[in-house]
Amino acid sequence: MALWDGRFAGGPAEEMIHFSESLDVDLRMWAQDLQGSRAHVRMLGEVGLLSVAEVERILEGLDQVGEELRSGVYTPGPELEDVHMAVESRLIEIVGPVGAKLHTARSRNDQVATDVRLWLREQLTALRAELTDLVAALCDRVEADGDVLIPGFTHLQRGQPILLGHHLLAYAWMVQRDVQRIDDALRRNDRCPLGAGAMAGTPHPIDRHRSAELLDFSGPIDNAMDAVASRDHLIEATSACAIAMTHMSRMAEELVLWSSAEFALIRIGEAFTTGSSIMPQKRNPDAAELVRGKSGRVLGALQALLVMVKGLPLAYNRDLQEDRRALFDAIDTTRACARILAGQWRDMLVRRDRYEAALRGDFLLATELADFLVTKGLPFRDAHHVSGRIVAWCEEQGVNFEALDLEALRCFHPSFTAEALDWLTPRAAAERRTSFGGTAPPEIARQVAALRSWISG
Ligand code: ARG
C-alpha cells in the first residue's frame, strides 16, 4: 500500500516498482530527511497546526525511525519508492494515525529539494576542506622540493628553465579557485524550499521563515515553484566539481608522465602505486591514472544534469529524480580524488638532480640570449632573431649552447659581452625571473605565504 494510493484501484506493475524507485540512491539522505521532518513538525506546532502532544509524539517517532535506520533494524524495500516514503510510512507504523499529520503543508517535491540542499551543504563543506588540504599538500611539496630545476614546457616541448615550485604553485592557485567556486555554490545553496508544497504554497498558516531558521538556512526560497522545480544549485555544485576534476586530471596526467622512465622526475609513494601481474619491474601510477579516468565520470555527470533540466516544463517532473545519481557520484568522486591526490603529493620522492645537469647548454636557454641582448638595447624581435640564428647554427654544427664562447656569440651580434655566458646557466635563468608571479625563489616564497595565509584564513 503506497501512501498515495487513494485514487488507485490496483497497484503498480512489479517492473514499474523497480523502475521508479530511488531508494537505492536516496536512502543515504535519511538523516537529512529526518532533519527536515523535525523542523517541519516543530514549525507546525509553533503555528498551532499541531498540538504540543502531537509534535512530541511525532518527534519521538522520528527519533525511533532514525535509530532503526542507523542500526539497520529497518530496511525499507523498493515498494516504498523513496526515502521520504520510507521514513513517513515507518513513522506512521510506530506512532499511529498522528504520524499522518506530518505531511500537512508539505509535499515530497519540497521535501526532496530540502533534503538535497541539506546533504549538499554537508558534502560541499567536506569537499571544501579536502580541496583546501590539496592546496596545503602542494605547498608542502613546494617547501620540500620547490627549488628543484625543471624544464618548463609549452606544447610539451622544453620551453624555459623553471623551478618545480613554480609549476606546482600554478596548480595550487587553480585548486584555490576551485574552493572559491565551492563557496559560491554553498552560498546559493543556502535557501530553504521547505513548505513550498507541490508548487503553489499552502492554504495553512505555516511559517516558512521559521522552518528555514530551524534548518539553519539563511531564509526560505521566495517562489514556491522555483523551490521545487529548480536544480541550478546542484548543477552549480557539480560544475564546480567538474572544473576541479579537470585540474586534478591535469595534475594526475603530469604525475603519470613525471613518474615514467622518460621523465624520471618523481617516484610516487608505494601507497599509491601498484605492481603488474606479469611484468615484475612495474610500479604503476594507478592512483593518478584513476583520478584522470574518474574525471570523465564527473564531467559526464554535469552533462547529464544540464540535459536533464534543459527541456523540463515547470514545475516538478519525475525526471528530476535522476539528479541524485549524477550529483552523488560527482561529489563522492571529487572528494575521493582530492584526498588521493593530496596523499600522492605528500608521499613522493622528487629526484632533485634529475635536470640540473641535463639542462646545461640546452636550447631552452635561447630566450636568455634574446633577453640578454634586450638589456643591451636591442628590440626584442631583433634579439629573438639573433638567438634563433645561434640555435640554427648550433644545430648545424651538432653542438649545444655549452659550445658557445664569447667569440662565437659576437659573430652573431656585437652587443654580446662576457656576461652573456653567465646568462646561459639554467638555474640562474630561472632565478633571474623575479617579476611578480615569475619563477624566481622569492616569488615562490611569496605565493606559498599567500596561500598559507588563505588556508589558515
Ligand atoms: N522520489 C521523488 C524524487 O526523488 C520524490 C518526489 C516525488 N514527487 C512526485 N510528485 N512524484 O524526485
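Quick caveat: nothing in here was measured; it's all calculated off a predicted structure.

## Some points on the side chain of Thr439
Step number 1: By the secondary structure assignment, Thr439 is in the loop between helix 17 (426-432) and helix 18 (441-456).
Step number 2: A distance of 3.0 Å separates a polar atom in the side chain of Thr439 from the backbone nitrogen of Leu163.
Step number 3: With residues up to four places along the chain from it excluded, the contact list for Thr439 reads Pro161, Ile162, Leu163, His166, Ala430, Arg433 and Ile444.

## A closer look at the site of the ligand
Step number 1: Residues in close proximity to the ligand include Ser22, Asp82, Arg108, Asn109, Val112, Tyr316, Gln321 and Arg324, which together make up its full environment.
Step number 2: Contact distances for the ligand include 2.5 Å between an oxygen atom and a side-chain N or O atom of Tyr316.
Step number 3: Contact distances for the ligand include 2.9 Å between a nitrogen atom and a side-chain N or O atom of Gln321.
Step number 4: Burial of the ligand by the surrounding chains reaches 85%, relative to a free accessible area of 340 Å².
Step number 5: Looking at the shell around the ligand, the element that brings in the most residues is helix 6 (residues 108-145), giving three residues.
Step number 6: Residue composition of the shell around the ligand, grouped by class: two nonpolar, three polar and three charged.

## Quick look at the environment of Arg191
Step number 1: Secondary-structure assignment places Arg191 in the loop between helix 7 (164-189) and helix 8 (208-214).
Step number 2: You can call Arg191 partly exposed: its relative accessible area is 30%.
Step number 3: Counting along the chain gives 185 residues from Arg191 to Lys376, while the straight-line C-alpha distance between them is 62 Å.
Step number 4: In contact with Arg191, not counting residues within four places along its chain, are Arg117, Phe217, Ser218, Gly219, Pro220, Ile221 and Asp222.
Step number 5: Polar side-chain contacts of Arg191 include one of 2.9 Å to the side chain of Asp222.

Calculation criteria
- Residues numbered from 1 in each chain as written.
- Predicted model: local features only at pLDDT ≥ 70, side-chain atom pairs only at ≥ 80, totals over all residues.
- Heavy atoms only, no water.
- Helix = DSSP H or I, 4+ residues; strand = E, 2+ residues; numbered from the N terminus.
- Polar contact = N/O pair within 3.5 Å; in protein donor to acceptor, adjacent residues only side chain to side chain.
- Contact = heavy atoms within 4.5 Å.
- Near = heavy atom within 4 Å.
- Areas by Shrake-Rupley, 256 points an atom, 1.4 Å probe, with all protein chains shown as cover.
- Nonpolar A, V, L, I, M, F, W, Y, C, P; charged D, E, K, R; others polar.
- Buried < 20%, exposed > 50% of the residue type's maximum accessible area, 1.4 Å probe, protein only.

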